[in-house]
Amino acid sequence: MAFPGSVADTARLLADQGYIADRELATTVHLALSMQRPLLLEGEPGTGKTEIAKVLAAGLGRRLVRLQCYDGMDLSAAAYEWDHARQLMAIRLAEAAGDTSRDALSQDIYARAFLQARPLLAAIDPDLPPAVLLIDELDRADEPFEAFLLELLADFQISVPEYGTVRAKTPPIVVLTSNRTREVHDAIRRRCLYHWVDYPDAARERAILAAKAPGVSAQLSAQVVAFVQRLRGADLFKLPGVAETIDWANALTYLNQHELTPETADETLGVLLKYQDDIARIKGGEAARMIAEVADAAP
């Protein structure tokens, strides 16, 4: 599928997949697609960074290849690994057949058939359809891993010493995300277009809720969003993201609640907040006060 021709078309592509983007984000995504540049998205957890890669893959009809980063991740988990068991079997079969030429055998066992593709190599495999490559939570990986990414982000290729260079026929759309638990290296940033994905304002969060949780009534949706917007101004260990807003609104709907009350808020805060200290801080009087403010501000 062809890339959208304008920022408005890009915003429409995202909206068709249920992602409500503001103008700045739609512009950055449009430029990343048009310029074939990787897109680095930073922001708090739960603000919708990962979802952008998913909706781009769905909207453009591409494979989604996801690399979930973690501490200690190595090349064999991220890019490729040789199938040593099959290589050993090939060596024994060659020896049994009397073929003991060292050069020929070395060439045979380092053929493409023995190379196991992990997410990075799978995303640029010229024999597979075009992909969206999601490198999720890059800040969780070790810093040396970023050095390996430079070749991929610059030239959409990976050099395998024993085999050669694997180069993408169609460059993948690359989306990198970071929760900023540590700083991503400048060399990575220079190769990417950058956008900070912030918490949405009330109007956009209501639109997101309408798209993602259509079964939630308009009244409850407005109250939930107003409460969460106030909650994000509180001194909490972990502020609720958009994903938690959606979960909470759905949970209240499952409980047949049509409006927000202090009782239902106290009973369901564990859907919205994920740390006991935060729940204890809000539960009771603070939740009741916020709900009263929401009711007073309602038109």
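Residues numbered from 1 in each chain as written. Predicted model: local features only at pLDDT ≥ 70, side-chain atom pairs only at ≥ 80, totals over all residues. Heavy atoms only, no water.

(A) Summary view of helix H13 (residues 262–272). Those residues of H13 lying buried are Thr-264, Ala-265, Thr-268, Leu-269 and Leu-272. Burial along H13 is one-sided: seen end-on, the buried residues are contained in an arc of 160 degrees. In H13, the exposed positions angled more than 90 degrees off the buried face are occupied by Glu-263 and Glu-267. Elements that come into contact with the buried residues of H13 comprise helix H11 (218–231), helix H12 (242–254), helix H14 (276–282) and helix H15 (285–297). (Buried < 20%, exposed > 50% of the residue type's maximum accessible area, 1.4 Å probe, protein only. Helix = DSSP H or I, 4+ residues; strand = E, 2+ residues; numbered from the N terminus. Arc of directions from axis to C-beta. Contact = heavy atoms within 4.5 Å.)

(B) Representation of the layout of surface pockets within the structure. Put simply, the largest pocket is a space of about 560 Å³. What lines the largest pocket is a set of 32 residues, and nearest its centre among them are Gly-46, Thr-47, Gly-48, Lys-49 and Glu-51. Counting residues per element, the ones that place at least two in the lining of the largest pocket are helix H3 (49–60), strand E9 (193–196), helix H10 (202–212) and H12. The residue makeup of the lining of the largest pocket, split by class, is twelve nonpolar, eight polar and twelve charged. (1 Å grid on protein atoms, 1.4 Å probe; cavity = no way out; pocket = protein on both sides within 12 Å on 5 of 7 lines; lining within 4 Å. Points joined across faces, edges and corners; volume = space filled by probe spheres on them. Nonpolar A, V, L, I, M, F, W, Y, C, P; charged D, E, K, R; others polar.)

(C) Spatial organisation of the packing of helix H2 (residues 23–35) against H3. Two elements in contact, H2 and H3, have axes separated by 13 Å at closest approach and are oriented at 60 degrees. Between H2 and H3, the crossing angle belongs to the class labelled oblique. In terms of crossing hand, the pair formed by H2 and H3 is right-handed. In contact with Leu-25, Val-29 and Leu-33 of H2, H3 contributes Ile-52, Leu-56 and Leu-60. (Axes fitted to C-alpha atoms, helices over the stretch in contact; angles between N-to-C directions. Parallel < 35°, antiparallel > 145°, perpendicular 65-115°, else oblique. Left-handed = near helix turned anticlockwise from the far one by under 90°.)

(D) Representation of the sheet that holds strand E1 (residues 39–42) in the model. Taken in spatial order, the five strands line up as E2-E5-E8-E1-E9 in an open sheet, and their pairing is parallel. Edge positions in the open sheet fall to strand E2 (63–68) and E9, since each of these has one partner strand only. Each strand axis lies, on average, 20 degrees off the axis of its neighbour in the sheet, ignoring direction. By the bridge criterion, four bridges tie E1 to strand E8 (residues 173–178) in an arrangement that is parallel. Looking across to E8, one finds that Leu-39 is bridged to Val-175. (Pairing = 2+ DSSP bridges.)

(E) The arrangement of the pattern of salt bridges in detail. Applying the stated criterion across every chain, the model contains 15 salt bridges. A salt bridge links Arg-232 to Glu-205, with the shortest nitrogen-to-oxygen separation between them at 2.8 Å. Highlighted residues: Arg-232 in the loop between H11 and H12 and Glu-205 in helix H10, separated in sequence by 27 residues. Given the relative accessible area of 12%, Arg-232 is considered buried. Among the ionic pairs, Arg-289 bridges to Glu-286, the shortest N-O distance being 2.5 Å. With Arg-289 and Glu-286 both in helix H15, this residue pair falls three residues apart, about one helical turn. When its relative accessible area of 37% is taken as the criterion, Arg-289 is described as partly exposed. Look at the salt bridges and you will find they share partners, linking Glu-42, Arg-180, Glu-183 and Arg-189 into a network. (Salt bridge = Lys/Arg side-chain N within 4 Å of Asp/Glu carboxyl O.)

(F) Looking closely at the packing of H12 against H13. Two numbers describe how H12 lies on H13: the axes approach to 9 Å, and their chain directions differ by 140 degrees. Of the possible angle classes, the one that applies to H12 and H13 is oblique. Along this stretch, H12 crosses H13, giving a crossing that reads as right-handed. Taken together, the residues of H13 that come into contact with H12 (itself represented by Glu-244, Thr-245, Asp-247, Trp-248, Ala-251 and Leu-252) are Thr-264, Ala-265, Thr-268, Val-271 and Leu-272. Of the residues contributing to the contact of H12 with H13, the split by class is six nonpolar, three polar and two charged.

(G) Molecular detail of the environment of Gly-164. Relative to the elements of secondary structure, Gly-164 occurs in strand E7 (residues 164–167). Residues Gly-164 and Val-294 lie 130 residues apart in sequence; the distance between their C-alpha atoms is 62 Å. Residues contacting Gly-164, with those up to four places away along its chain left out, are Ile-158 and Ser-159.

(H) Expanded view of the packing of aromatic side chains. For the structure shown, the criterion picks out two aromatic pairs. A ring pair is formed by Phe-227 and Trp-248, whose centres lie 5.3 Å apart and whose planes are at 45 degrees; its orientation type is tilted. Within this pair, whereas Phe-227 is found in helix H11, its partner Trp-248 is found in helix H12, the two being separated by 21 residues in sequence. Since its relative accessible area comes to 0%, Phe-227 is described here as buried. (Phe/Tyr/Trp six-rings, centres within 6.5 Å; stacked < 30°, edge-to-face > 60°.)

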